[in-house]
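Spelled out, the chains give:
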Amino acid sequence: MISLAGRDILHAWGKFFFTGIGLGLLIGVTLSMAGIYRGMVDDAKALLDNSGADLWVVQRETLGPYAESSSLPDDLWRGLRGLPGVADAANVTYLTMQVRRGNEDVRTMVSGIAPGAPGTPGWPPFLVAGRHLTRSHYEAVADIATGFAIGDRLQIRRNQYTVVGLTRRMVSSNGDPMVFIPLKDAQEAQFLKDNDAIHRQRRSTAENPAFNRPGVPDLLAAVNAAQTESTSVNAVLVRIKAGADATETAETIRRWKRLQVYDREQMEEILVGKLIATSARQIATFLIILAIVSAAIVAFIIYTLTLGKIREIAVLKLIGTKNRTIAAMILQQAIALGLIGFVFGKIVATFWAPHFPKYVLLMPLDSLRGFFVVTAICVLSSLIAIHAALKVDPAEAIGG
Amino acid sequence: MAGHGIGIAGLKKRYGKGDTAVDALKGVDMRVAPGEVVGLIGPSGSGKSTLLKCLGAVIEPTAGRMTLGAKVIYDNGWKVRDLRELRRDHIGFVFQAPYLIPFLDVTDNVALLPMLAGVANSEARRRARELLEALDIAHRAKAMPAQLSGGEQQRVAIARGLVNRPPVILADEPTAPLDSKRALAVIRILNDMARRFETAIIVVTHDEKIIPTFKRIYHIRDGITYEEDGEGIEIA
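Computed from a prediction, not measured in an experiment: that's the story for all the values here. (Residues numbered from 1 in each chain as written. Chains lettered and ligands numbered in written order. Predicted model: local features only at pLDDT ≥ 70, side-chain atom pairs only at ≥ 80, totals over all residues.)

### Topic: the overall build of chain B
Line of reasoning, step 1. Regarding its fold elements, chain B presents 6 helices and 11 strands.
Line of reasoning, step 2. Taken over C-alpha atoms, the radius of gyration comes to 17 Å for chain B, in line with the 18 Å a tight globule of 236 residues would show.
Line of reasoning, step 3. Along the three orthogonal principal directions, the C-alpha set of chain B runs to about 55 × 40 × 35 Å.
Line of reasoning, step 4. When the 236 residues of chain B are sorted by exposure, 50% land in the buried category. (Helix = DSSP H or I, 4+ residues; strand = E, 2+ residues; numbered from the N terminus. Rg over C-alpha atoms; globule rule 2.2 N^0.38 Å. Buried ≥ 20, exposed ≤ 12 C-beta atoms within 10 Å, placed from the backbone.)

Given below as structure tokens:
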């Protein structure tokens, strides 16, 4: 038996092809939405992977440093380093801000990293060009997605930094590329007040008799110095010794230092389960809407194509074609349309994914799931057309 | 089955119930022998289409008996189990418009019926080609329906009606869209095929050009048929 669906598609290939392309664009958008969600999750995991930490020590009763603000004294790391099971500990600050590049701003996450060497928690684990930070001030390592090149100068608050190294896939959980600068500079950028605010604060302090005592001339200068100096960090990143138990070490820190500690699994739960949960639900809602729109379009197209063949279907039924042959023809056409749409959608999604401002991760398993969903949608959508076709009276071919 | 033609006796068809019931057929008798071509003529609303649908096993009569060869199709409320299979294997249709399947070429339009009956594609196409040659249209075997003239399309439709060697062919206004020359050519083909394949052919028509070619004519009016002898003019 010849394939009636195949012959019809070959005969009206233009109609099927261009309809398939239209559907494919819709499927491409759907796959891209799934890719955007995967990209967000991957960004979150990349942030954790690249931090080089096993434990995140943050301010008590906060979900810091990524989901909530957290502030810790910058000398805390020394005490942590001495605890059993801890191999290394380093301060870190994170600040999402606009960084000046020429005449435009780039949205970045500026990370202040403690002095040390490559491998210190918080440092970028690899570079694609240039070198790591070697000076205490005014040097930066930037993610290549920021658009900076080696030797470029970038401005953070009042200070200018020279880009000495480039890295890749160093992003915040929001997908903003990261810029690494020395910790002291980052603390200043994050906590330092502007000149007017400092002036107002000094005047206020000078008028306070408790700090401006005639008999203690250096007290006012000491208080002013303490107020302008920033001694806070957002978190301490801890790497545990090989063979040590992360849970045990975290419990030790909680017990003896009375701080909040998160291990990798908990931090992933915070980032994926809390920080991007709303975005994920937003994308899921959009995916459902797209699936409904796709189903409606496929149903409409197949229904219209079927109605255009009512007379032929009546003739086919009159000459003895089985209902299942006619139903199979419509079903096969719906699936073929979905297949054309899926192939085109997958191609366009693959080609336009790198042009999205944020990372789009198209996973093969998502594509496979998408294929089955598209097939299911096409099968369900064809039911209306099949119902219409099976209702056709063979007597319509005779007329009268 | 081919040896007995088609016969109906006391065929009735009622549409609706109660006060709104309409008797479209009021006891029709008809017999067409194998190899015979008869005309069925009647004005609009006379019951022509209803009779054709009953003969074509598309609708079921309310009462009466219909036989196809030795096979009883209807008998006062009883009917054969599978009318679809009956239509496929034992009744050929030729319509006013050819209604060829637009996405199949000429050969496959004709071969489709045997394929639907489970005949292998190669054998179905061999049968189709044989008929296309008999109808002098084999040179368009690979053409699509849209590439054919009206007369060519009608010949393909006749080939499709004949391909399963049905004992009866129902032709509904087969010459309506054709000019005199082509209309007579179609009737000549139907006559040739009827003789060649021992097929009983009933031609429903209004066409004055072809009426004189029938040897026997059934007139239908108000659901009742009247038989008369036709002129039976031979077409050269």
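Following the structure, the description resumes.
### Looking at the domain arrangement of chain A
Line of reasoning, step 1. Here the domain parsing of chain A yields domain 1 (4-43 + 277-397) and domain 2 (60-192 + 230-258).
Line of reasoning, step 2. For domain 1 of chain A and domain 2 of chain A, the distance between their C-alpha centres works out to 47 Å. (Domains from an automatic or database assignment.)

### Structural notes on the sheet that holds strand S6 (residues 78-79) of chain B
Residue and element names in this part refer to chain B.
Line of reasoning, step 1. Strand order across the open sheet formed by 5 strands is S2-S1-S4-S5-S6, with antiparallel pairing between neighbours. The outermost strands of the open sheet, each flanked by one partner alone, are strand S2 (22-32) and S6.
Line of reasoning, step 2. Seen against the sheet, helix H1 (residues 48-55) touches strand S1 (6-15) and S2 and runs at an angle of roughly 60° to S2. (Pairing = 2+ DSSP bridges. Contact = placed C-beta atoms within 7 Å. Axes fitted to C-alpha atoms, helices over the stretch in contact; angles between N-to-C directions.)

### Remarks on the environment of alanine 353 of chain A
Residue and element names in this part refer to chain A.
Line of reasoning, step 1. Positionally, alanine 353 belongs in the loop between helix H11 (323-352) and helix H12 (364-391).
Line of reasoning, step 2. Judged by the 18 C-beta atoms lying within 10 Å of it, alanine 353 is partly exposed.
Line of reasoning, step 3. Considered as a pair, alanine 353 and glycine 28 are 325 residues apart in the sequence and their alpha carbons are 9.7 Å apart.
Line of reasoning, step 4. Other than its neighbours up to four places away in sequence, alanine 353 contacts Ser32, Gly35, Val360 and Leu362.

### Regarding the interface of chain B and chain A
Line of reasoning, step 1. Every contact between the two is made by 24 residues of chain B and, on the other side, 19 residues of chain A.
Line of reasoning, step 2. For the side of chain B that touches chain A, the secondary structure elements donating two or more residues are H1, helix H2 (83-90) and helix H3 (106-116) of chain B.
Line of reasoning, step 3. In terms of residue class, the side of chain B that touches chain A is built from 13 nonpolar, 3 polar and 8 charged. (Nonpolar A, V, L, I, M, F, W, Y, C, P; charged D, E, K, R; others polar.)

### Some remarks on the sheet that holds strand S3 (residues 37-41) of chain B
Residue and element names in this part refer to chain B.
Line of reasoning, step 1. Judged by pairing direction, the sheet is mixed, and its 6 strands sit side by side in the order S7-S8-S9-S3-S10-S11 without closing on themselves. Each having just a single partner strand, strand S7 (91-94) and strand S11 (224-229) make up the two edges of the open sheet. With direction set aside, neighbouring strand axes in the sheet form an average angle of 20°.
Line of reasoning, step 2. Looking at chain direction, S7 and strand S8 (residues 168-172) are connected through 4 bridges and run parallel.

### Details of the packing of helix H9 (residues 277-307) of chain A against H12 of chain A
Two quantities define a packed helix pair, namely the angle between the axes and the distance from one axis to the other.
All names here are of chain A.
Line of reasoning, step 1. Their axes nearest at 8 Å, the elements H9 and H12 cross at an angle of 35°. In terms of crossing hand, the pair formed by H9 and H12 is right-handed. Contact residues: H9 offers Ala291, Ser294, Ala295, Val298, Ala299, Ile302, Tyr303, Thr306 and Leu307, while H12 offers Val373, Ile377, Cys378, Leu380, Ser381, Ser382, Ile384, Ala385, Ala388 and Ala389.
Line of reasoning, step 2. When grouped by side-chain class, the residues that make up the contact of H9 with H12 number 15 nonpolar, 4 polar and no charged. (Left-handed = near helix turned anticlockwise from the far one by under 90°.)

### Focus on helix H10 (residues 310-318) of chain A
Line of reasoning, step 1. Burial analysis of H10 of chain A places 7 of its 9 residues in the buried class, which makes it a mostly covered element.
Line of reasoning, step 2. Within the span of H10 of chain A, buried status applies to Glu312, Ile313, Ala314, Val315, Leu316, Lys317 and Leu318 of chain A.
Line of reasoning, step 3. Where H10 of chain A is buried, its residues meet H11 and H12 of chain A together with H2 and S7 of chain B.
Line of reasoning, step 4. Looking one or two residues past H10 of chain A, glycine 320 of chain A carries a phi angle of roughly 105°, positive in sign.

### A short note on the nonpolar core
A general trend in soluble globular proteins is that nonpolar side chains are found buried together.
Line of reasoning, step 1. In terms of nonpolar packing, the biggest core is built from 167 residues, with Val57, Ala140, Val236 and Val238 of chain A together with Ala159, Leu190 and Ile202 of chain B touching the most fellow members.
Line of reasoning, step 2. In terms of domain composition, this core takes at least three residues from each of domain 1 (4-43 + 277-397) and domain 2 (60-192 + 230-258) of chain A.
Line of reasoning, step 3. Dropping the residues within four chain positions of it, isoleucine 202 of chain B is found in contact with Val32, Val38, Leu40, Leu55, Leu170 and Ala171 of chain B. (Core = buried A, V, L, I, M, F, W, Y, C linked by C-beta atoms within 7 Å.)

### Structural notes on helix H7 (residues 246-257) of chain A
Owing to its 3.6 residues per turn, the α-helix brings residues three or four apart onto one side.
Residue and element names in this part refer to chain A.
Line of reasoning, step 1. With 12 residues, H7 extends 16 Å from end C-alpha to end C-alpha; this agrees with the ideal 16 Å at 1.5 Å per step.
Line of reasoning, step 2. Among the residues making up H7, those that are buried are Thr249, Ala250 and Ile253. The arc that holds every buried residue of H7, seen down its axis, measures 100°, which confines them to one face. Exposed residues lying more than 90 degrees from the buried face of H7 are Thr247, Glu248, Glu251, Arg255 and Trp256.
Line of reasoning, step 3. Buried residues in H7 make contact with strand S1 (55-58), helix H3 (76-81), strand S3 (86-101), strand S11 (235-240) and strand S12 (260-263).
Line of reasoning, step 4. Residue arginine 258 follows H7 closely and has a positive phi angle near 50°. (Expected span 1.5 Å × (residues − 1). Arc of directions from axis to C-beta.)

### Considering the packing of H9 of chain A against H11 of chain A
All names here are of chain A.
Line of reasoning, step 1. Relative to each other, H9 and H11 sit at 135°, their axes nearing to 11 Å. By the angle class used here, H9 and H11 are oblique. Helix-helix and strand crossings are classified by hand; for H9 and H11 the assignment is right-handed. On H11, the residues touching Val298, Ile301, Ile302, Leu305 and Thr306 of H9 are Ile330, Gln333, Ala334, Leu337 and Gly338.
Line of reasoning, step 2. A per-class count over the contact of H9 with H11 returns 7 nonpolar, 3 polar and no charged. (Parallel < 35°, antiparallel > 145°, perpendicular 65-115°, else oblique.)

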